Amino acid sequence: MQPAPVMEAPSQKEAASATEVDIRSKVMKLSKAEAQLVAITVVDLSDGTFELIYTFFTKSQLVSIRFTVSDRGEMDSISDIFPGATNFEREIIDLFGLRFKGMKGGLLITPESGIVAPLRKSSSPSTPSSRDAKEGKDG
Amino acid sequence: MARISVTPFGPQHPSLLEPIHIKLRLEEEKVVGADIVIGYNHRGLERAMELDFKKNIYLSERVCGICSFNHSTTYVQAIEQMAGLLVPTRARLIRTIMLELQRMTSHLLTLGHTAEVMGYENLFMQTWREREDVMRLIDRIAGNRVHYSMNTIGGIRKDISYDTTKDIEGTLSQLLPKLEEIRRVFARDSTFAKRTKRVGVLSRDAARRYGAVGPTARASDIPYDVRLSSYAGYGVEGIKFRPIHREEGDCYARTMVRADELFQSIDLIGQSIGLLRDEPVMVQLKGNPQGEAFSRVEAPRGELFYYVKAKGEIKLDRVKIRTPTFVNVQCLAEMIPNCQLADVPVITVSIDPCICCTDR
Amino acid sequence: MVLSGRSRIKSPWMLHFDTGSCNGCDIEIWALLSPRYDIERFGILNKANPKHADILLVTGPVTRKVEDRLRLLYEQMPEPKLVVAVGDCASTGAPFSDCYNVNGGIGRVIPVDVFVPGCAARPEAIIDGVVLALKTWKERKFSSKTKDETIKEPREREVRN
């Protein structure tokens, strides 16, 4: 299988905050070219920044747009161009605690459960065995 | 002005196998809006899969019980890509055989489920009776009906014998006329047609913008099939097939795409068995994987996508699983409004929801 | 044994609920309704209403969002009732027992009568488990239990696989 060719705009890798205008204009261009959104992936780079990978399928190949963001500030949502991005963005809000303009979390994790951004490297969400140990139960 | 009432549907409901909650806003019998609430099945597997890359073969199978072999194939393909392993052709063909057998069990399940939500119990029983023949076959090859545990990094764990291939061919040739009869009922029954034609229509542009995949997209005139990207045995010289697609985009089209794919699967299994040669079925992985990989497989419900990032240790940096129903379930927001209340189970089952895949 | 007792054993209705499993065991439970295994010969029907049900078949390791629903379903079922935990994850939570959103087995939420192990539990084992659970009814002869008693102590009886 071919690895996905990466399409990067110049000077985006070292950005500390999202270059929102760029992502929307790029996505709009892809939408006009009849592309399909495959996934929005977030990788915690362990230094307070997160890498976002938007993967599209267009003209029989996978194309990725990558950039790095910090967890300050809100990112632009693309769910008006691609309504299919709604679930991805809400999932990222739940699991990583990043923010998208106009999107609310609560897709997978309820606020009452007390679990916050479980997929961040810095968080250590409680598991049944750790909850047992805390309550002094056995197994 | 008619009043709007809100009716909850799920998470415990006889027509639903899995917990999902749909809040339907009704104006008398017409649905004017639907809010879909998921998360009841969220176990947190992406976090658990960061612990040990070898144990993930076992864990990735258990993301979903209906497409378990697809999950484990996608995962091992990602690791093999990172490590640059060349999987032997025999292993790739056996993976194709098991993937297509799983596709058959899944489509027969959905066809039976579609008949059942319409009240057509007889057809549900007949479809699931034929499904049991395929399950018996899988039980013989893999040792288990669900969760085959046949994949390993670098190939497959168990080879299949000549007798097993004869059993596969014999069972499928006996099954063929029965499946043709079932397909004829779905294609020609007038009640079925009245309940599915022009119901739950998804237009081509809406399917593309929602990112629909699998039979849901192929029934809306998007011939998107990941098998064309030649993963596993689909790229072996001598395997020929074309994706099945229809234009109407309604529940009838989605059901018929699945029914036709059953015969495509039988054909692909026959082609794969014919190309099997005597050779080993595994290459050894040396060391730990490093780098990142995107891996895609055509699961019964659509494109299954894994992103794996590794740093040369037992632990993985990130495993991202994007399942087909994660995107397809959003299409319900387009299909359910303006239908009748009695059509809601039919439309929901027609996209073949697998909520355990969505929530992981 | 009174007439209602005899009919309860001869035609127990089941309620199936999935608390977050991978659906392998749920498909095997639905396969029980198919002609090959045919659980209807035991008089068992799959009914949706908890107030009509005698046996609760539960799969899955009980995610946090679904825990209250499970308890509510259990409390709505009238006595006497049986709970059968189907599959490895319903019994002990394995292999999800260290995932952050699960409780780890339904025995932590409601009392269980029979555990049916397996991943996925085979239909023959599930039928075995249900028949064993019905046998406990025959032996108990429907001694009355208050609601408080049943919820506090999990009763556990293992089934051979």
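Residues numbered from 1 in each chain as written. Chains lettered and ligands numbered in written order. Predicted model: local features only at pLDDT ≥ 70, side-chain atom pairs only at ≥ 80, totals over all residues.

### Considering the packing of helix 3 (residues 68-83) of chain B against helix 4 (residues 89-117) of chain B
Two quantities define a packed helix pair, namely the angle between the helix axes and the distance between the axes. Residues and elements named next belong to chain B. Stated precisely, the cut-off is as follows: Comment: axis = line fitted to C-alpha atoms, over the contacting stretch for helices; angle = value between 0 and 180 degrees taken between N-to-C directions. Each helix corresponds to a stretch of at least 4 residues labelled H or I by DSSP, and each strand to a stretch of at least 2 residues labelled E; elements are numbered beginning at the N terminus. Two helices cross in a left-handed way if the nearer one is turned anticlockwise from the farther one by less than a right angle. They cross in a right-handed way if the turn is clockwise. For the purpose of contact definition, each residue receives a C-beta atom placed from its backbone, and two residues are in contact when these atoms lie within 7 Å. Each residue gets one of three labels, nonpolar for Ala, Val, Leu, Ile, Met, Phe, Trp, Tyr, Cys and Pro, charged for Asp, Glu, Lys and Arg, and polar for the others, Gly among them.
Interhelical geometry of helix 3 versus helix 4 gives an angle of 145 degrees and a closest axis separation of 9 Å. The handedness of the crossing between helix 3 and helix 4 is left-handed. On helix 4, the residues touching F69, N70 and T73 of helix 3 are R95, M98, L99 and Q102. A per-class count over the contact of helix 3 with helix 4 returns 3 nonpolar, 3 polar and 1 charged.

### Quick word on the interface of chain A and chain C
Across the boundary between the two partners, chain A contributes 9 residues, which contact 11 residues of chain C. Among the residues forming the side of chain A that touches chain C, the class breakdown is 4 nonpolar, 5 polar and no charged.

### Here's the deal with the interface of chain C and chain B
At the interface, 33 residues of chain C touch 32 residues of chain B. Residue assignment for the side of chain C that touches chain B shows that the elements contributing at least two residues are strand 1 (14-18), helix 2 (24-31) and helix 3 (67-76) of chain C. The dominant element in the side of chain C that touches chain B, judged by the number of residues it contributes, is helix 2 of chain C, at 6 residues. Of the residues in the side of chain C that touches chain B, the class split is 17 nonpolar, 8 polar and 8 charged.

### Considering the sheet that holds strand 2 (residues 49-58) of chain A
In a beta sheet, neighbouring strands are held together by backbone hydrogen bonds and run either parallel or antiparallel to one another. Residues and elements named next belong to chain A. What counts here: Here, strands pair whenever DSSP counts at least two bridges between them.
If you walk across this open sheet you meet the 3 strands as 1-2-3, and the pairing is antiparallel. Looking at the sheet topology across the chains shown, the edges are occupied by strand 1 (36-44) and strand 3 (61-70). Strand-to-strand twist in this sheet, taken as the mean axis angle between neighbours without regard to direction, amounts to 20 degrees. With 10 bridges connecting them, strand 2 and strand 3 associate as antiparallel partners. Note that in strand 3 the partner of T55 across the bridge is S64. In the packing of helix 2 (residues 85-96) onto the sheet, contacts are made with strand 1 and strand 2, and the angle to strand 1 comes to roughly 10 degrees.

### Structural notes on the pairing of strand 8 (residues 316-322) of chain B
We apply this condition: Here a residue counts as buried when 20 or more other C-beta atoms sit within 10 Å of its C-beta, as exposed when there are 12 or fewer, and as partly exposed otherwise, the C-beta atoms being derived from the backbone.
Within strand 8 of chain B, 6 of the 7 residues are buried, leaving the element largely enclosed by the surrounding structure. A loop of 4 residues connects strand 7 (residues 302-311) of chain B with strand 8 of chain B, the two strands running antiparallel in sequence, and G312(B) in this loop sits at a positive phi of about 80 degrees.

### Overview of the environment of V134(B)
All names here are of chain B. Within the secondary structure, V134 is located in helix 5 (residues 121-142). Considered as a pair, V134 and L111 are 23 residues apart in the sequence and their alpha carbons are 15 Å apart. Those residues in contact with V134 that sit more than four places away from it in its chain are L101, M104 and T105.

### A few points about the sheet that holds strand 1 (residues 4-9) of chain B
All names here are of chain B. A sheet is described by the order of its strands in space; here 3 strands give the open sequence 1-2-3, paired in antiparallel fashion. Edge strands, defined here as strands with exactly one partner in the open sheet, are strand 1 and strand 3 (30-37). Taking the axes of each pair of neighbouring strands and ignoring which way they run, one obtains an average angle of 20 degrees across the sheet.

### A look at the nonpolar core
To keep it simple, the criterion reads: A set of buried Ala, Val, Leu, Ile, Met, Phe, Trp, Tyr and Cys residues, joined to one another through C-beta atoms within 7 Å, is what we call a nonpolar core.
Ranked by internal contacts, the top residues of the largest apolar core, which has 197 residues, are V58(C), V84(C), A85(C) and V86(C). Once residues within four sequence positions are removed from consideration, A85(C) is found in contact with V58(C), A90(C), S91(C), I106(C), G107(C), V112(C), F115(C) and V116(C).

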